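Fold and geometry: a report
Here is how the chains run, residue by residue.
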Amino acid sequence: MKLLLAIFILFVCTAGKSFSQNIADNTIHPAKLPGNGILLDKGWKFHKGDNTEFADKDYNDKTWQNINPTLDIHDSLTEIREGIGWFRIHISIDSNDNNQIALLVQQSGASEIYFNGHLMQTFGHLSASPAEVKAYDPLWKPFILSGIKAGDNVIAVRYALQSNIFYTTIFETANPAIWMKVMAPDNAINYYNKISIRHERFEFILIGICIMLFILHLPFYLVYPTQKANLYFALFALTYMAGCIVQLYFYLYSHHVAGKFYFGNLAFIFFVSSSLFLFFSVKQFLGHKKDVTYKALIILTVFACILDAWPYGWGWKIGGAIMQLLIQLSITRIAILSVFKRKRDARIIAIGGICCVAFFFTFLLQGTFTNNSFLEALTPLRMVNYVLYNLSLPAAASIFLALDFAFTNRTLKEKLIEVNDLSNKTIAQEQEKQQILAQQNETLEKQVQERTIELSQSLKDLKETQTQLVQPRRWLRLVSLLQALLMRY
């Protein structure tokens, strides 16, 4: 009997504790709200169907289904997939003060939000026809709840999902049916600004660096087109910049839920392509030949684009995140092999690759890939680690290419000096040869003149000799003629 009494007392205490905890979970003191607010993930009721009376404060919802609408719609919320449904939650305000409270919302469908029977906000377009429903995500932009009264208050949400659209969890995002957080108005504004400004800075830093790298290395290629590594690196900077711009839009500006799937996948296609261009660049300037790894990475990149889109939940982790890491590890492997082969300055890329892997795992240790609110949990330290992870290899490659360009420029200058010296020597030799030829010409001219005089004198003497020889011959002919006449007679 004593044992049963003890069990009964323990049960009552436990039940009372649970009841008190449930009440406490949805009890709000406007003047004492914590800085990070109160997430409304307990005490929700759901009913399939549509009736305007469901918004009334005094409507009896005890028979409704218990539900947690902050869960991902692909996890356990299949009951909200078709048609219009209603969510209701009771919150207790334990103060008569006229303090205001703000509500932050993230959702995967279209909704009308009522407070104590009054319509407060409409996000998207609701319709009895599923084909006309347009889902809209306010992305944590706060709004003020008015008409707060001490005691019981009710938030009612008329809700529907847009039909025939795809969802994605790319970049550690989730797709809750509806996620609500109650905060003090000033804290809500600061919270929203923290999320948006912090991520904007995060993306703008990467975009600005990519613009500088593109402007730097494209002229390198145009000046020295033989080195195609600079062209690949410029393409890396361009595609990575495009990925950052699309990712920024995906996180903060893509309110229409139907487009988030495409923006997320497009961003990862840009990111994986940029990693592949970086691989081509490193392979080119380290003189690494095309091998099985080279062909496998190209094939896996195409396969990764499919994995980003499907299967839901984990496909992008392999197709996007792991694929990028695999390419970065391949670049590091090539760099380390080049160091052993004593390639000039290859250790710079090897160090960059090692730092890249180290920062990646440091980034993972500060969060998980299953975080439902990545931007909320993105601390400055984790953001710095992610930036360093993304920039370690590109920075090392850029330094290597700049050194290579400087080395090539210095070598060309030295060759130009050698060519100028050789040209000057050649000109001096030509001038010396011309002087020698001029002297030889003068000598030859003198010799020709002397020889001409000698020949003229010889010719004159010869003529005189011929004259002397001609006269005796004439006398001999005359004598012979006389002799012939005498003999005839």
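Residues numbered from 1 in each chain as written. Predicted model: local features only at pLDDT ≥ 70, side-chain atom pairs only at ≥ 80, totals over all residues. Heavy atoms only, no water.

This paragraph deals with the overall build of the protein chain. When helices and strands are counted, the protein chain shows nine helices and eleven strands. Per-residue burial over the protein chain gives 41% buried out of 489 residues. In the protein chain, 78% of the contacts between residues at least 6 apart in sequence involve partners at least 24 apart. When the accessible surface of the protein chain is split by element, carbon and sulfur atoms take 62% of a total near 27500 Å². (Helix = DSSP H or I, 4+ residues; strand = E, 2+ residues; numbered from the N terminus. Buried < 20%, exposed > 50% of the residue type's maximum accessible area, 1.4 Å probe, protein only. Contact = heavy atoms within 4.5 Å. Areas by Shrake-Rupley, 256 points an atom, 1.4 Å probe, with all protein chains shown as cover.)

With that settled, the discussion passes to unusual backbone geometry. Looking along the chain, the bond that leaves Trp310 and enters Pro311 is cis, with omega of 5°. Assignment of secondary structure puts Pro311 in the loop between α5 (292-309) and α6 (315-340). Even without being a glycine, Trp140 presents a positive backbone phi close to 70°. Among the structural elements, Trp140 can be located in the loop between β8 (118-123) and β9 (143-145).

Turning to the pairing of strand β3 (residues 44-48), a few remarks are in order. Relative to strand β4 (residues 65-67), β3 is paired through three bridges, and the arrangement is antiparallel. Pairing of Trp44 across the sheet is with Ile67, part of β4. Sheet topology places β3 next to strand β5 (residues 85-93); four bridges connect them, and they run antiparallel. Across the sheet, residue Lys45 finds its bridge partner in β5, namely Arg88. (Pairing = 2+ DSSP bridges.)

The α-helix winds at 3.6 residues per turn, so residues separated by three or four positions along the chain end up facing the same way. The end-to-end C-alpha separation of α5 is 26 Å, in line with the 26 Å expected for 18 residues at 1.5 Å each. Structurally, α5 contributes buried residues whose contacts are with α4 (257-285) and α6. (Expected span 1.5 Å × (residues − 1).)

Here we take up a nonpolar patch on the surface. A cluster of nonpolar residues, Leu300, Phe303, Ile306 and Leu326, forms a patch on the protein surface that exposes about 350 Å² of accessible area. Tracing the backbone shows Phe303 in helix α5. (Patch = residues over 30% accessible without salt bridge, like charges linked within 9 Å, V, L, I, M, F, W, Y side chains within 5 Å. Salt bridge = Lys/Arg side-chain N within 4 Å of Asp/Glu carboxyl O.)

Per-residue pLDDT for the protein chain has a mean of 82; in total, 86% of the residues score no lower than 70. Mean pLDDT across the secondary structure elements of the protein chain bottoms out at helix α1 (residues 2-25), with 35, and peaks at strand β7 (residues 110-115), with 96. When the criterion is pLDDT under 50, residues 1-24 qualifies, and its contacts beyond four places in sequence or with other chains add up to zero contacts. (pLDDT = per-residue confidence, 0-100.)

Our focus in this paragraph is a negative patch on the surface. Residues Glu53, Asp56, Asp58 and Asp152 make up a contiguous surface patch of negative charge. Tracing the chain through its elements places Glu53 in the loop between β3 and β4. (Lys, Arg positive; Asp, Glu negative; His and termini not counted. Charge placed at Lys NZ, Arg CZ, Asp CG, Glu CD.)

So, on to the side chain of Ser392. Checked against the element boundaries, Ser392 lands in helix α9 (residues 380-488). Side-chain polar atoms of Ser392 contact the backbone oxygen of Leu388, separated by 2.5 Å. Setting aside chain neighbours within four positions, we find Ser392 in contact with Gly352, Cys355, Cys356 and Phe359. (Polar contact = N/O pair within 3.5 Å; in protein donor to acceptor, adjacent residues only side chain to side chain.)

This part is about the packing of aromatic side chains. Remark: the centre distance and the inter-plane angle together describe each pair of aromatic rings, the angle taken between the planes. Evaluation of the coordinates by the stated rule reveals 35 aromatic pairs. A centroid spacing of 6.0 Å and a plane angle of 45° characterise the contact between Phe171 and Tyr251, whose relative ring orientation is tilted. Here the residue Phe171 occupies a position in the loop between β10 (151-160) and β11 (178-183), and Tyr251 occupies one in helix α3 (residues 229-253), the gap between them amounting to 80 residues. Residue Phe171 is classed as buried on the basis of its relative accessible area, which comes to 6%. Through a chain of ring-to-ring contacts, three or more aromatic side chains come together here, namely Phe171, Phe233, Phe236, Tyr240, Phe250, Tyr251, Phe268, Phe271 and Trp316. A cation over a ring is seen here: Arg382 above Phe363, with NZ or CZ 4.0 Å from the ring centre. (Phe/Tyr/Trp six-rings, centres within 6.5 Å; stacked < 30°, edge-to-face > 60°. Lys NZ or Arg CZ within 6 Å of the ring centre and 35° of its normal.)

Turning to the sheet that holds strand β6 (residues 101-107), a few remarks are in order. Spatially, the four strands line up as an open sheet ordered β2-β11-β6-β9, and their pairing is antiparallel. Sheet topology places β2 (38-39) and β9 at the edges, where each strand pairs with a single neighbour. Sheet analysis places β6 next to β9, joined by three bridges and oriented antiparallel. Of the residues in β9, the one forming a bridge with Ile101 is Leu145.

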